[in-house]
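Next come the chains, spelled out residue by residue.
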Amino acid sequence: MTLDPVRIPALLIVISAFWLGSYVFARNPRNRAAQVFGLLALEFVVLYLAELAPAVTADASILYMAERVTLAVGNLLPPTALHLALAMTMPPRPLPRWTLTLTVGYLVGGAWAAYYLILPPEGLTAIFPVLTGVVHEPLLVVALRYVYFAVMLGAATVHLMRSYREAASSLVRRWLLLFLLSFPIAGLALTLGFVSFVAPLSRVWGDVCILIAVALVAYAVVQQGALLPTRALTRNFFYTLFSGGLVAAYVLVILYIEQYLSPLLSLQAPLVTVLLLVVLVALFQPIVDWLQARAERLFFREDVRREELLRSLSQDLVETADLDEWLERALRVVGDRLHLRWGLVATRPDDREPLLVRAIYGPAGTAPGTPLDTDLARLEEPLFAPDSGAPADGPSARLPLLTSDAAQPAGLVLLGPRLSGDPFSPGEQAMLLTLVNQLSLAVENDRLQTSLVRMLEQAQAQGQELRQRDQALQASLDVLLEGTAAPEHAGIAALRIQCLGPLVVSRGEEPITQWGGEKAGGRHAEAIFAFLIARQRQGVSKDEFLDLMWPELDLPSAENNLHRTLHALRRALEPDLRPRQQSSYVVYRRQRYWLNPAAPIWVDVEAFTQGFARGRRLESRGQPDEALAQYRQAEALYRGEYMQDAPFLADDAAIEPTREHLRETYAALMLRLGTHHEQTGRSNEALDAYRRALALVPEHPGLLEALARVQA
């Protein structure tokens, strides 16, 4: 196969259409929209495979047939697009007029396909000679085909725009808008393709537009039938496209290598391709996992932080989703599939508060966030309207959300009557009860998450107070394990470490300015000490030091550098340390290096977080003046970003979570300081506090609201 670069987009369309069609269909093979999209993707695969025929063979008869297949399949795309639009927006049995339109579209498309596949090259004039000279057949065919395309795509556009206006949910409007956007992109592709035949314009740009349109339609179809939240779907679909792009790139690499290497090696069998496929099987998943982890950190940073905080509970997407969005999506799916007039879900934050509306479908007569009407808020056993049907304006189903930790139902699902007026069948009732159980679990999980986050915050504040006791216990344990006595560290000078802002270390009253020795660089010794501070509770292994500072050296050379640097660090901390004497500050136990927990070491990070925690407790006890003093002391300690100039660590991603946590703690501290200034009438000081905090955390909602309040 000789691969012309101009044909690369066509090959990418074949791979992407096959990949996306398989992905969408495999996710929900019984969904009508997924089935039709699979058909649409298959048509694109056949269409562009036929266009790639000149790259595979030079046989004139095969190329002639490929051209006719291209023209034939192209006429089936417009009715399939209309079919997909109907499948995404209509009930299982579409309205008769749309059924008729779709049937006529497929019949006309089939007739055009037969025209190109069956008739001889001369067209109808070969069968009906009387037409010769009467009509200009090529011009007539082109005109009729474009009229047919316009009618089909216009009907699909009209139907989608009407559905967009009548949609009962913002989520529905979102994926309908994506689907609508694909039509002008596809039209641009057709225009560019036509221009490429009559003007010196490459077909590459039209093929690129087709790629974008297919991706938009695939995402709209996935959105249409999914219960997952939008961000979860976006991540999943993004990684699917990313994986497909990797496969396409690898296929192109294989083709080019086979094209140029096989003739050079005089290979008759595709040995190179076989070996490269083996490499793909071995390395594809690890590479995808590695790149996916980096992409999550870059594009979905907030999601990753939340998942890390709550991973002790579950990794399930539903559990880490936003409950309001998830309830709205579930209610929309139920309303669309059962053709309801309206519906709503209401929950109570705790047992003492009233029911609040969380999600609505259609004209429910209320809005999210408002208390539920007391007449509707009767919490009973699951109740469905009798066979005679529900009242025209009343609910046809009243389904309480029961949780294991609540003294009373935690929520209520109300479903309005169906558009047809029919009652729910026994199977539909069973489906709704199953869904209500799932919603109950989601509501209960939301309560547990809220409680867990509150407990984690309290535990973090309490943990700071227990740190000194824990350090003493750890030091005692180390002494027992080593069989040594603790008094050997008595009387040593205290270390004062400031790592909020530029790293400053003082031994007693004397700042340490010289870190290295004659055979060890100062930057490396300072970096080791900073790493020990950052990992004070976990310690640092030898391999971690080597990977951080000497990744380019062989193991013996790197270990030699590490030992020299550690020796220089110990002498910098203790100039009077005798040869072979154990350091009082840096110890090696259980295969890791530690800052000695028994040594007198003061760290500004600990003092900062402990001061903020003490201020919050004093404030909660009604002691604002004492709390303000603690806040001011903590504020004075925050000189800048955590480890902002530490060698090798300043730009290391491993300390970013700690840095961000301290940044958010500082924002919360300044918010409380500013609030105190507001309450005492010092608006300028409050304004200054809010602005300094926003310089570090620009999107903090509490600070933005407080700043707007002071400036008003």
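Above this text you will find the structure in question.
A short tour of the structure in this document, coming up. (Residues numbered from 1 in each chain as written. Predicted model: local features only at pLDDT ≥ 70, side-chain atom pairs only at ≥ 80, totals over all residues. Heavy atoms only, no water.)

**Overview of the sheet that holds strand β2 (residues 356-361)**
Backbone hydrogen bonds hold the strands of a sheet together, and the pairing may be parallel or antiparallel. Taking strand neighbours across the sheet as the criterion, the 5 strands line up as β2-β1-β5-β4-β3 in an open arrangement whose pairing is antiparallel. The sheet terminates laterally at β2 and β3 (383-384), the two strands that pair on one side only. Pairing of strand β4 (residues 397-401) with strand β5 (residues 411-415) involves 5 bridges; the strand directions are antiparallel. Paired with R398 across the two strands is L414, which belongs to β5. In this fold helix α12 (residues 323-338) packs onto β1 (343-347), β2 and β5, with an angle of close to 40 degrees to the strand it touches most, β2. (Pairing = 2+ DSSP bridges. Helix = DSSP H or I, 4+ residues; strand = E, 2+ residues; numbered from the N terminus. Contact = heavy atoms within 4.5 Å. Axes fitted to C-alpha atoms, helices over the stretch in contact; angles between N-to-C directions.)

**Let's talk about a nonpolar patch on the surface**
The grouping of L39, L42 and V46 at the surface amounts to a nonpolar patch, some 220 Å² of accessible area in total. Looking at the element boundaries, L42 is found in helix α2 (residues 32-51). (Patch = residues over 30% accessible without salt bridge, like charges linked within 9 Å, V, L, I, M, F, W, Y side chains within 5 Å. Areas by Shrake-Rupley, 256 points an atom, 1.4 Å probe, with all protein chains shown as cover. Salt bridge = Lys/Arg side-chain N within 4 Å of Asp/Glu carboxyl O.)

**What about the packing of helix α14 (residues 522-534) against helix α16 (residues 555-573)?**
Between α14 and α16, whose axes approach to 9 Å, the crossing angle comes to 80 degrees. What the angle tells us is that α14 and α16 run roughly perpendicular. Where α14 abuts α16, its residues H524, A525, I528, F529 and L532 lie against L562, T565, L566, L569 and L573. Grouping the constituent residues of the contact of α14 with α16 by class yields 8 nonpolar, 2 polar and no charged. (Parallel < 35°, antiparallel > 145°, perpendicular 65-115°, else oblique. Nonpolar A, V, L, I, M, F, W, Y, C, P; charged D, E, K, R; others polar.)

**Some thoughts on the packing of aromatic side chains**
Summed over the entire model, instances satisfying the criterion amount to 10 aromatic pairs. Judged by centre distance (6.0 Å) and plane angle (40 degrees), the ring pair of F612 and Y631 falls under tilted. Of the two residues, F612 sits in helix α17 (residues 604-620) while Y631 sits in helix α18 (residues 624-637), which places them 19 residues apart along the sequence. Like F612, the residue Y631 is buried in the burial classification. The structure contains a cluster of three or more aromatic residues connected by ring pairs, namely F531, F545, Y588 and Y593. (Phe/Tyr/Trp six-rings, centres within 6.5 Å; stacked < 30°, edge-to-face > 60°. Buried < 20%, exposed > 50% of the residue type's maximum accessible area, 1.4 Å probe, protein only.)

**Focus: the pattern of salt bridges**
Under the defined criterion, the tally for this structure stands at 13 salt bridges. Here E685 and R682 are joined by a salt bridge, their closest N and O atoms 3.8 Å apart. Each of E641, E656, R659 and R663 takes part in salt bridges that share partners, so that together they form one network.

**Remarks on the environment of T366**
Here T366 shows up in the loop between β2 and β3. Exposure remark for T366: the relative accessible area of 26% places this residue in the partly exposed category. Separated by 22 residues in the primary sequence, T366 and L344 have C-alpha atoms spaced 8.8 Å apart. In contact with T366, other than residues within four places in its own chain, are L344, V357 and I360.

**With respect to the environment of V108**
Within the secondary structure layout, V108 lies in helix α5 (residues 96-118). Residue classification places V108 among the partly exposed positions, given a relative accessible area of 32%. Sequence spacing of V108 and L76 is 32 residues, and the spatial spacing of their C-alpha atoms is 8.8 Å.

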